[in-house]
Amino acid sequence: MRQLALLCALVGVLLTLASAAYGDEVQGPGWVQPDIAYLKAAPGTQLTLDQARTRTDWQPLEERTPNFGYQTEEYWFRMTPPATPDSQLLDISYPQLDYVTFYLVENDQLRHTEVIGDHIPFAQRPLQHPTFLIPYELSADSDAEIFLRVQTNGALQVPLRIWGQSALFDHIALEDQLHSLYYGVLITVIFFNLFIFLALREVTYFLYVLSTFGYLFLMASLRGVTFQLLWPDTPWLQNTAVLIAVPAAVLFSLLFARSFLRLPRYASRLDLMVRISIFCNLAAIAGVFLLDYNASIRLSVALAIPSFLLLTIIGPLLWARGSSLAGFYTIAWGLLTLGSIITAANKYGLIPNSFVTAYGMQIGSALEAILLTIALAARLYQEREGKVSAREAEVNAMAARRKAELRMMEQALHNPLTGLPNRTSFEMAINDLINRHPKQRLAVGIIYLTNLQAITKTLGHRNTDRLLELSARRFNSIVSELPGVYPIEQTDRRAFHLASLESATFGFLIDADVIGQTPRNIVLGLEQFREPIDYLGMQLPLDPQTGVAIYPEHAQDTNSLIRRAYIAQESDEARDRGLAYYQPTRDSYSADRLTLVSEFRQALQDKALALYLQPKLRLHDNTVVGAEALIRWPGRKSPVPTDQLVAIAEQTGLIKPLTRWVLEQAITVRGQLLEHGHRIGVSVNISPNNLREPDFPLYVQRLMASQPQHRGHITLEVTETSMMLDPVNSLRALQSLNATGIPLSIDDFGSGYSSLSYIKQLPAGEIKIDRSLVSDLPTQSEDRVIVQTTINMCHSLGYQVVAEGVEDQQTQALLAEMGCDMIQGFLLTRPLPLGELLTWLDGRAADGARKIG
């Protein structure tokens, strides 16, 4: 509403000025519009004054102002000036006439002649004014006539008034005020939008500056101001400027409208039409230099009318689609187009001269400039509001994103179940402590709940999750009381001294030096860990095992410290005592081990392994009755102990093919022993993993069935400890093997914690006493008691007894006195390859023969 009120006020001001400056009256204060007769010369002819005066085809002018449109012929006009003796001026207010010759004839005598026009230098005008002002004086009571000869290539219109001298100057002052207002409006608009463009660097404002400047330059050129001020001595340049000004103004208007209304984005078809109009007006500018004046001005005006109509149509179409800015644009361009049409129709002679017809384009462009400036200001306000809203939305989005990021960081750094810091946080805490205190010893502890899986199978996952939450809070509380413990995460609201690494694994950090100073507190903490948790009315033991690795002794990087703490947690010591420190000598997961596994797998495929044999001696007749097959890797530069090879095979899944290879090789070895006359048995160690293989008993049965000569002479040895890992399945597998007549032996007896009731159920025929009880037999009376008791017990149960690790004759003698059946150890010989064992057996047989002889 404010915009419309401003528009109405501006229209009122202009109409007021118009009524004061111009009108259709034939007479006003200080001026008169005489009756005019006109004469049109034949095409291509020029008349002299005398010829024109004597012509009889003069015609009275019906309109008040001569306006014949675009004509190139010569026209003559005749009028009678007012019969006053005052100084008078003839005002021809259209400055675009090429040649105008003024003749004052008084009492049939030529009294005054002036030749003016826009093809004549500006300085030759009798009065320096953009329009044509011709002063003259009349004698009292004279009979006077004024003749005008006009020839032009443009629109032939000759608005005439005869003024008194003082009245004309008042009129010029008023008209200059009107034009100053117009120019001031446009210049203000230009600089206002130019400053906005320089501030915002948006091309729309620059295009509007060009558009407004185009109208300013056009109006100034049409009125002759540019001729007077810029190039008064070069009329051709003025005419060229007029020709260029029209299509240039239209061109800039098209470019501005295209950008302002965002036609490429919202109206592609209209944008195509605008681009075609732009191309046509560019062609019109080129036509200035290729066509004559009359054709060029006609072309420019002819293109301006449809171009402005197109620009006027665009506004309502986009306005109807909901564009508020298009409303301003529609009104502004409607006024400008209406003014342009009125001016163009006036140039073509279709409508008579008046203030509105003569200055229609100025009025329309002024109103258009003001309205579009308001529209641009509104757009600027909307854009600013939009940017503020966008900024607020961006700030809100950033806040929401920040909140989401913090939530994601919280989730990424904490266990979703226990709420404790997770492995990532634990690693970050270790790195931070190492970086801040590189010379300080740091203990990395890992707690694993060994009984959690059994609890899950009993109570289900939901109860286990709840139990983990309770355990996490309890363990965090216990760890936080340990001396020297480091917080893994600490804020103003909470502190965590425990991290949740996996579902059943936790981690903590302690000053290693403090551990050594207060070992009692550590032991008390471990005892608290091992206490059962009261849940659902049950006391549930979690059986935690703790492993510790020390920085920098055990490792100097976070990953290695955690890995080695895990290794310590999995050790036998951790299972027995609940706590174990990492020991490099017991690390079977080093990089060297990975290389060893790869090489071992390849050696098994390439059959690069070998069986060594260690004989068993029967004591009562000093006869070799068997040999234990032991795996060796002869081709490797650094030897690998047999127990390490077996452990690798068990951990990597190679134990199945390895055991089968050993059994097959044992049969081959016994076959060669038989060929050399040594009827002894061969013992083969099997893994508890083999006992868990469903097809292992069947495989052994088929193997023995295919080699019946070895049935009963291939003994399978299984350790006491390995059987206790899975006693039910081990017993079932051993019973299946025994049922087919395969001898069984219990190896390393006395090194574990097997139940005597369980041992009694085993279908074994032989017990091998572990070397740890035999090696110190001569010096340790306790060991002698244990061994004697074991031998007696085994005999009572029907077992043969073999003593391992016999290395001296004193031990052999003691075992013989105790009633031990057989011995095995370095006293006889180290494990030998088959060839050397055959030699050893042959030599022993020869020695026995000599003794008998």
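So, how was this worked out
Residues numbered from 1 in each chain as written. Predicted model: local features only at pLDDT ≥ 70, side-chain atom pairs only at ≥ 80, totals over all residues. Heavy atoms only, no water. Helix = DSSP H or I, 4+ residues; strand = E, 2+ residues; numbered from the N terminus. Rg over C-alpha atoms; globule rule 2.2 N^0.38 Å. Buried < 20%, exposed > 50% of the residue type's maximum accessible area, 1.4 Å probe, protein only. Contact = heavy atoms within 4.5 Å. Lys, Arg positive; Asp, Glu negative; His and termini not counted. Charge placed at Lys NZ, Arg CZ, Asp CG, Glu CD. Patch = residues over 30% accessible without salt bridge, like charges linked within 9 Å, V, L, I, M, F, W, Y side chains within 5 Å. Areas by Shrake-Rupley, 256 points an atom, 1.4 Å probe, with all protein chains shown as cover. Salt bridge = Lys/Arg side-chain N within 4 Å of Asp/Glu carboxyl O. Pairing = 2+ DSSP bridges. Core = buried A, V, L, I, M, F, W, Y, C linked by side-chain atoms within 4.5 Å. pLDDT = per-residue confidence, 0-100. Axes fitted to C-alpha atoms, helices over the stretch in contact; angles between N-to-C directions.

Trainee: Mind showing me how you'd approach the overall build of the protein chain here?
Mentor: When its secondary structure is counted, the protein chain shows 31 helices and 31 strands. The C-alpha atoms of the protein chain give a radius of gyration of 59 Å, which is well past the 29 Å a tight globule of 853 residues would have. In the protein chain, which comprises 853 residues, the share counted as buried stands at 50%. If you take every contact in the protein chain between residues at least 6 apart in sequence, the share linking residues at least 24 apart comes to 71%. Here the protein chain carries 70 positive and 84 negative side-chain charges, and the mean point of each set is 8 Å from the other.

Trainee: So what exactly am I meant to see when it comes to a nonpolar patch on the surface here?
Mentor: On the surface, a nonpolar cluster with roughly 390 Å² of combined accessible area is contributed by Ile187, Phe191, Phe195 and Leu198. Tracing the backbone shows Phe191 in helix H3 (residues 165–200). Accessibility expressed as a relative area gives 43% for Phe191, which makes it partly exposed.

Trainee: Is there a simple way to think about the pairing of strand E9 (residues 109–116) in this case?
Mentor: If a strand is regular, its side chains alternate between the two faces of the sheet. Here seven bridges tie strand E8 (residues 99–106) to E9, and the two strands are oriented antiparallel to one another. Note that in E9 the partner of Phe102 across the bridge is Glu114.

Trainee: Help me understand the pattern of salt bridges, please; the structure alone is not making it clear to me.
Mentor: Should the charged atoms of two oppositely charged side chains come close, the side chains can pair. In total, this model carries 23 salt bridges according to the counting rule given. We note a salt bridge from Glu394 to Arg391, for which the minimum N-O separation is 3.4 Å. Of this pair, Glu394 and Arg391 both sit in helix H12 (residues 360–413), three residues apart, roughly one helical turn. Judged by its relative accessible area of 46%, Arg391 falls in the partly exposed class. Here Glu553 makes a salt bridge to Arg441, at a shortest N to O gap of 2.6 Å. Here Glu553, found in the loop between strand E21 (544–551) and helix H18 (558–569), pairs with Arg441, found in the loop between helix H13 (423–436) and strand E14 (442–449); they are 112 residues apart in sequence, far enough to count as distant.

Trainee: Explain the nonpolar core to me, please; I cannot follow it from the model alone.
Mentor: Note on soluble globular proteins: their nonpolar side chains tend to be buried together. Among the nonpolar cores identified, the biggest contains 76 residues, and Leu658, Leu716 and Leu815 are the most heavily contacted of them. The element best represented in this core is helix H22 (residues 655–675), accounting for nine residues. With near-sequence residues (within four places) excluded, Leu815 lies in contact with Leu619, Val774, Leu777, Val787, Ala803, Val806, Cys820 and Ile823.

Trainee: Is there a simple way to explain the sheet that holds strand E11 (residues 144–151) in this structure?
Mentor: Strand pairs in the sheet, formed through backbone hydrogen bonds, run parallel or antiparallel to each other. The strand order across the open sheet formed by six strands is E4-E3-E6-E11-E8-E9, and the pairing between neighbours is antiparallel. The sheet is open, and its two edges are formed by strand E4 (59–60) and E9, each paired on a single side. Of the pairings in the sheet, the one linking strand E6 (residues 75–79) to E11 comprises five bridges and is antiparallel in character. Across the sheet, the residue bridging to Phe77 is Leu148, located in E11.

Trainee: What should I look at first to understand the confidence of the model for the protein chain in this one?
Mentor: Predicted coordinates in areas of low pLDDT are best not read in detail. Here the protein chain shows a mean pLDDT of 83. Residues at 70 or above account for 92%. Counted against residues more than four places away or in other chains, residues 1–24, with its pLDDT under 50, gives 38 contacts.

Trainee: Where do I start with the sheet that holds strand E22 (residues 579–581) in this structure?
Mentor: Reading across the sheet, the five strands line up as E17-E18-E14-E21-E22 and stay open at both edges, with mixed pairing between neighbours. The two strands at the open ends of the sheet, each matched to only one other strand, are strand E17 (499–502) and E22. Each strand of the sheet is rotated relative to its neighbour by a mean of 30°, with strand direction disregarded. For E21 and E22, the ladder comprises three bridges, and the chain directions are parallel. Bridge pairing in E22 places Gly547 opposite Ala580. In the packing of H18 onto the sheet, contacts are made with E14, E17, strand E18 (505–511), E21 and E22, and the angle to E21 comes to roughly 140°.

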